[in-house]
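As a plain string of letters, each chain reads:
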Amino acid sequence: MSAELLTRSPHNPILTGDQWPYPINSVMNAAATLVDGETLLLVRVEDRRGFSHLTVARSADGETDWRIDEQPLIAPEHHYEEWGVEDPRITWLPDENVWVIAYTAFSPRGTMVALARTTDFVTVERLGPVVMPDDKNAALLPCRVDGDYLMYHRPSLRSEMPGVWCSRSTDLESWSDERRVMGPRMGNFWDCKRIGMGTPAIWTEHGWLAFYHGVREAVAGDLYRVGAVLLDLEDPAIVTHRTQEWLLSPHEDYERIGDVPGVLFPCGVVVEGDALRLYYGAADTCLGVAHGSLAQITQHLLGCPPE
Ligand code: BMA
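The residue numbers shown here count from 1 along each chain, following its written sequence. In view of the model being predicted, local features appear only for residues whose pLDDT reaches at least 70, and side-chain atom pairs are presented and counted only at 80 or more, with totals across whole chains, interfaces and linings using the full set of residues. Hydrogens and water molecules were not included; the side-chain quantities draw on all heavy atoms of the structure.

If you check an unreviewed UniProt entry, the protein chain appears there as Glycosidase from Tessaracoccus antarcticus. Entered under Sequence similarities (unreviewed entry) in the UniProt record, the comment concerning the protein chain runs "Belongs to the glycosyl hydrolase 130 family." UniProt positions are given in the numbering used here, feature names are shortened, and annotations may be inferred rather than shown by experiment.

So this is what it looks like as structure tokens:
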């Protein structure tokens, strides 16, 4: 039963707006990585105007005793992010010795994927927007494939071919050669309305493992749930296995009650040995984490069809 592959932390919600060192509306949709043995989350924080910025929180165990920066790491500064910076994903690029942050830049021009890089999570260097609006939900692979970096993202212009696409770049600045990776499923599936890549992919010997969000429309509003895919190691634009069932669905009060009820939005994953921690925004209001076994999730996926 795939529902048992991810187990919520008893400490959930692990971060809420009440813990913030300055007045805000809500926290959600955090990127995650390991820095000096600690878990670092780059948290999307919505201010009381409704605009978002990104602030760093650190914890030794990735669940409790969070230390939250007093200042945002990335706040709206440029015209392309005038209405906020949202939904980050962090990828460590060992060949460049740098973390790349992919985030959604929101402005009157629409939503665009923007990139920034950092070596310390104290300062960032912006690379600016790298795709045309509207586009969001971007996450990079950690290494080059055939000489290129790969980035998954969700262009909205392709209404005839919706879903996750993949672009390539040699220098992280100019991106091209788009290919479609996967789309929403037909019929009554939990991911039949819309999908977007959730977390950066993790290398396993069976393929790149990534979590994604899938949306289904219900009378009470959209339901955002979590599924997973394995992508081909040699050609990561190809999905080899995709969970038929969702792995995590809004269930707890903090996932069902909030600014946008019924939303689970994963943007970060951390793996230590076989232990996997999936970080997700809940109800656009707080943050949760779920535990899983990398081997068990991968084994489950190997029994799933490509779509
Ligand atoms: C999506 C994104 C997410 C958000 C979700 C639910 O379109 O904007 O940031 O969590 O909607 O409101």
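Resuming the write-up.
Looking now at the sheet that holds strand E9 (residues 110-118). Strands qualify as paired when DSSP identifies two bridges or more between them. A run of H or I in DSSP becomes a helix once it reaches four residues, and a run of E becomes a strand once it reaches two; helices and strands are each numbered from the N terminus. Strand order in the open sheet made by the four strands is E7-E8-E9-E10, with antiparallel pairing throughout. Whereas interior strands pair on both sides, the edge strands pair on one side only; in this sheet they are strand E7 (84-93) and strand E10 (125-129). Here the strands of the sheet are splayed against their neighbours by 20° on average, with no regard to which way each runs. Across nine bridges, the pairing between strand E8 (residues 98-107) and E9 is antiparallel. Opposite Ser107, over in E9, you have Gly110 as the bridge partner. Only the contacting stretch of a helix is used when fitting its axis, a line to C-alpha atoms as for every element, and angles between N-to-C directions run 0 to 180 degrees.

Attention shifts here to the packing of aromatic side chains. Pairing of aromatic rings covers Phe, Tyr and the six-membered ring of Trp, with a centre-to-centre limit of 6.5 Å; geometry is then stacked below 30 degrees between planes, edge-to-face above 60, and tilted otherwise. Using the criterion set out here, one finds five aromatic pairs in the structure. Arranged with centres 5.4 Å apart and planes meeting at 75°, the rings of Trp83 and Phe106 form a pair that is edge-to-face. Within this pair, whereas Trp83 is found in the loop between strand E6 (67-68) and E7, its partner Phe106 is found in strand E8, the two being separated by 23 residues in sequence. Exposure is judged per residue with a 1.4 Å probe applied to protein chains only, and the accessible area is read against the type maximum: over 50% gives exposed, under 20% gives buried, and values in between give partly exposed. Using a relative accessible area of 35% as the deciding quantity, one classes Trp83 as partly exposed. You can call Phe106 partly exposed: its relative accessible area is 29%. An aromatic cluster of three or more residues is present, and its members are Trp92, Trp99 and Phe121.

Quick look at the nonpolar core now. What is meant by a nonpolar core is a set of buried Ala, Val, Leu, Ile, Met, Phe, Trp, Tyr and Cys residues, joined one to another through side-chain atoms within 4.5 Å. Grouped together as the largest cluster of nonpolar side chains are 22 residues, with contacts concentrated most on Leu6, Leu209, Phe211, Leu276 and Ile297. Setting aside residues no more than four positions away along its own chain, Phe211 makes contact with Leu6, Met197, Gly198, Thr199, Val226, Gly227, Ala228, Leu247, Val269, Leu276, Leu278 and Ile297. Contacts were defined at the residue level, with two residues in contact if any of their heavy atoms lie within 4.5 Å.

Before going further, it helps to spend a moment on the side chain of His153. Assignment of secondary structure puts His153 in strand E12 (residues 149-155). Polar contacts, as counted here, are pairs of nitrogen or oxygen atoms within 3.5 Å of one another; within protein the pair requires one atom able to donate a hydrogen and one able to accept it, and residues that are adjacent in sequence qualify only if both atoms are side-chain atoms. There is a polar contact of 3.4 Å between the side chain of His153 and the side chain of Glu178. The residues contacting His153, other than those within four sequence positions of it, are Val113, Val131, Asp135, Lys136, Asn137, Ala138, Gly163, Val164, Trp165, Cys166, Ser167 and Glu178.

Near, as used in this document, describes a residue that has one of its heavy atoms within 4 Å of the molecule or strand being considered. The ligand sits among Asn29, Arg44, Asp87, Lys136, Tyr224, Val260, Val263, Phe265 and Asp284. In this structure, Lys136 approaches the ligand through a side-chain N or O atom, which is 3.5 Å from an oxygen atom. Each accessible area is a Shrake-Rupley result for a 1.4 Å probe, and residues are judged covered by the shown protein chains and nothing else. Considering the ligand on its own, with 310 Å² of exposed area, one finds that the protein chains cover 81% of that surface. Gly falls in the polar group here, along with every residue not listed as nonpolar (Ala, Val, Leu, Ile, Met, Phe, Trp, Tyr, Cys, Pro) or charged (Asp, Glu, Lys, Arg). Of the residues in the shell around the ligand, the class split is four nonpolar, one polar and four charged.

Within strand E5 (residues 52-59), eight of the eight residues are buried, leaving the element largely enclosed by the surrounding structure. The alternating pattern of E5 places Ser52, Leu54, Val56 and Arg58 on one face and His53, Thr55, Ala57 and Ser59 on the opposite face, and all of these are buried. Summarising the sheet, strand E4 (residues 38-46) and E5 pair through eight bridges and their orientation is antiparallel. Residue Leu40 lies in a different strand from E5, and its bridge partner there is Arg58. Linking E4 to E5, which pair antiparallel, is a turn of five residues; within it Gly50 sits at a positive phi near 110°.

Turning to helix H2 (residues 294-302), its buried residues number three or more, namely Leu294, Ile297, Thr298 and Leu301. Down the axis of H2, the sector holding all buried residues measures 100°, keeping them to one side. The reported arc concerns the directions from the helix axis to the C-beta atoms and nothing else.

Lining residues are those with an atom within 4 Å of a point, where the points come from a 1 Å grid over the protein atoms alone and group into cavities, where a 1.4 Å probe fits but cannot get out, or pockets, open sets with protein on both sides within 12 Å along at least five of seven lines. Grid points are joined across faces, edges and corners, and a volume is the space filled by probe spheres set on the points. In this model, the largest pocket occupies a volume close to 430 Å³. Along its surface, the largest pocket is lined by 17 residues, and Thr33, Trp92, Ala201, Ile202 and Val269 are the ones closest to its centre. Mapped onto the lining of the largest pocket, the elements with two or more residues apiece are strand E3 (26-35), E7, strand E16 (202-204) and strand E20 (264-272). Considering only enclosed or pocket space, the second largest pocket measures out at about 240 Å³ in volume. Together, 13 residues line the second largest pocket, and Met182, Gly183, Arg242, Pro306 and Glu307 are the ones closest to its centre. For the lining of the second largest pocket, the elements supplying multiple residues, two or more each, are strand E14 (176-182) and strand E19 (239-242). It is E14 that provides the largest number of residues to the lining of the second largest pocket, a total of three residues.

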